[in-house]
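Architecture at a glance
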Amino acid sequence: MGVSIPQCVKKLDFRKTIVGLATGAGAIYLLYKAIRAGIRCHPPLCSNSPVCIARLAIERERHGRDSGELRRLLNSLECKQDQFTKGMILHSITRCVYLLENEASACTAEDIDLVGSMLDDMDNSVKIQALNTLKAFSGIRKFRLKIQEHSIKVLELVSTIWDSELHIAGLRLLNNLPLPDFVHPQLRRVMPALMEILQSDYILAQVQAIRLLSTLAQKQDLLYDILNCQVHPNFLHLFQSSQPGSLLVEALVFAERLSEGRNTPHYRAVKWHYNEQSLHEALFGDESRLADRLLALVIHPEEEVQIQACKVIVSLQCPPDVSVRPSSCQPSHSYFHNGE
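Identification of the protein as Armadillo repeat-containing protein 12 isoform X2 from Erinaceus europaeus is taken from an unreviewed UniProt entry.

Here it is, written out as structure tokens:
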């Protein structure tokens, strides 16, 4: 039986609708795939993002080609810039020094002086970035003597500006350099400031300060200045078992070096006088409670702390020249009475 014209028209319209919907769905799906593929694409190598620049520079370094990025940054630092831009440039230079060894080694003493001149900037954040950049360059042997020329300025900044981030950056740099004898007079002047940083509540700065003081304690001409430096009444709080293990180990190394230094024949040949609030009295005086702290640290959960506490105990009882003969060790006045 035949189909009427109106019914035929309706069927045709319905088929067109289905085809149209199918075509539209296909187009949407293709569009979705294109967008998804675009999202997954990596940014082009010509991108100006720091990641792409660093990736490109490292790739060129790997193939023995100079990316020129470090030189461009140093040249831009010579131009007049605002504080924020200077800080960002210095931060980028620091990254490049660590990542691009060949380009960093090709830098000159003038480049070090340029970075060092940023220590005179009015903005502390620029000073901090400059200290970090000098620290990066100090890893290259040929620049160490040049960077040493800025050590007095670094000590001045650390001792006159109370900023924990600056203390950390400055002390990390100093701890990475051999400090020459001509710096010793300045070190004597800043000793009270270093001791204040050691007794602050900022762990990272405390660790860096005590590392520097431990190094200086091995200098005979600075030992008395350290031992006679005034400290807070609660100085021995640094040796409480509740302190972080990293700080405890550094504090114990410091105490051991001071103990060894004061027991050398050269130091004992002089009759020294210490003020009542001195570091010497806090650690080695008749009223010191250091022995109690050490005995508590012998059973500390961290093995490195235990070992270092034992080393301090030995150094207190045995002068270095007889430490190889345990039978000849004699207890030192108030320490470990009655066989403790």
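**Some details on the state of the cysteines**
Here a disulfide denotes one covalent bond, and it connects the sulfur atoms of two cysteines. Using the criterion set out here, one finds zero disulfides in the structure. Cysteine C107 is unpaired, with the sulfur of C96 as its nearest cysteine sulfur at 9.4 Å.

**A short note on the environment of L227**
Here L227 is to be found in helix α13 (residues 220–227). Beyond its immediate stretch of four places on either side in the chain, L227 contacts L258, R262, Y267, Y274, S278, L279, H280 and F284.

**Thoughts on the confidence of the model for the protein**
Note that predicted coordinates carrying low pLDDT should not be read in detail. When pLDDT is averaged along the protein, the result is 83; 74% of the residues meet or exceed 70. This model gives residues 320–340 a pLDDT under 50, and the stretch forms 29 contacts once residues within four places in sequence are excluded.

**Brief notes about helix α4 (residues 83–99)**
Compared with an ideal rise of 1.5 Å per residue, which puts 17 residues at 24 Å, α4 spans 24 Å between its outermost C-alpha atoms and is within 8% of the ideal. Those residues of α4 that fall on the buried side of the exposure criterion are K86, G87, I89, L90, I93, T94, C96 and V97. Where α4 begins, the capping side chain belongs to D82, and its oxygen is found 3.1 Å from the backbone nitrogen of F84.

**What about the environment of L204?**
Here L204 is to be found in helix α12 (residues 203–216). The sequence separation of L204 and S164 amounts to 40 residues, and the corresponding C-alpha distance is 8.5 Å.

**So, the pattern of salt bridges**
The final tally for this structure, using the stated rule, is 11 salt bridges. In this structure, D120 engages K153 in a salt bridge whose closest nitrogen and oxygen atoms are separated by 3.0 Å. In this pair, D120 sits in the loop between α6 (109–117) and α7 (124–137) while K153 sits in helix α9 (residues 151–160), placing the two residues 33 residues apart along the sequence. The exposure class assigned to D120 is exposed, which follows from its relative accessible area of 54%. For K153, a relative accessible area of 23% translates into the label partly exposed. Between R188 and D221 there is a salt bridge; the shortest N-O distance is 3.5 Å. One end of the pair, R188, is in helix α11 (residues 184–198); the other, D221, is in helix α13, and 33 residues separate them in sequence. A relative accessible area of 32% places R188 in the partly exposed class. Judged by its relative accessible area of 39%, D221 is partly exposed.

**Concerning the packing of aromatic side chains**
Two aromatic rings are characterised by how far apart their centres lie and by the angle between their planes. On inspection of all chains with the given rule, the structure shows five aromatic pairs. Summarising the aromatic geometry, the rings of Y224 and Y274 are spaced 5.6 Å apart at their centres and angled 40° between planes, so their arrangement reads as tilted. Here Y224, found in helix α13, pairs with Y274, found in the loop between α15 (265–268) and α16 (279–284); they are 50 residues apart in sequence, far enough to count as distant. Looking at Y224, the relative accessible area reads 22%, which means it is partly exposed. The exposure class assigned to Y274 is partly exposed, which follows from its relative accessible area of 22%. Through successive ring pairs, a cluster of aromatic residues spans Y224, Y267, W272 and Y274.

The rules behind the values
- Residues numbered from 1 in each chain as written.
- Predicted model: local features only at pLDDT ≥ 70, side-chain atom pairs only at ≥ 80, totals over all residues.
- Heavy atoms only, no water.
- Disulfide = S-S within 2.5 Å.
- Helix = DSSP H or I, 4+ residues; strand = E, 2+ residues; numbered from the N terminus.
- Contact = heavy atoms within 4.5 Å.
- pLDDT = per-residue confidence, 0-100.
- Expected span 1.5 Å × (residues − 1).
- Buried < 20%, exposed > 50% of the residue type's maximum accessible area, 1.4 Å probe, protein only.
- Polar contact = N/O pair within 3.5 Å; in protein donor to acceptor, adjacent residues only side chain to side chain.
- Salt bridge = Lys/Arg side-chain N within 4 Å of Asp/Glu carboxyl O.
- Phe/Tyr/Trp six-rings, centres within 6.5 Å; stacked < 30°, edge-to-face > 60°.

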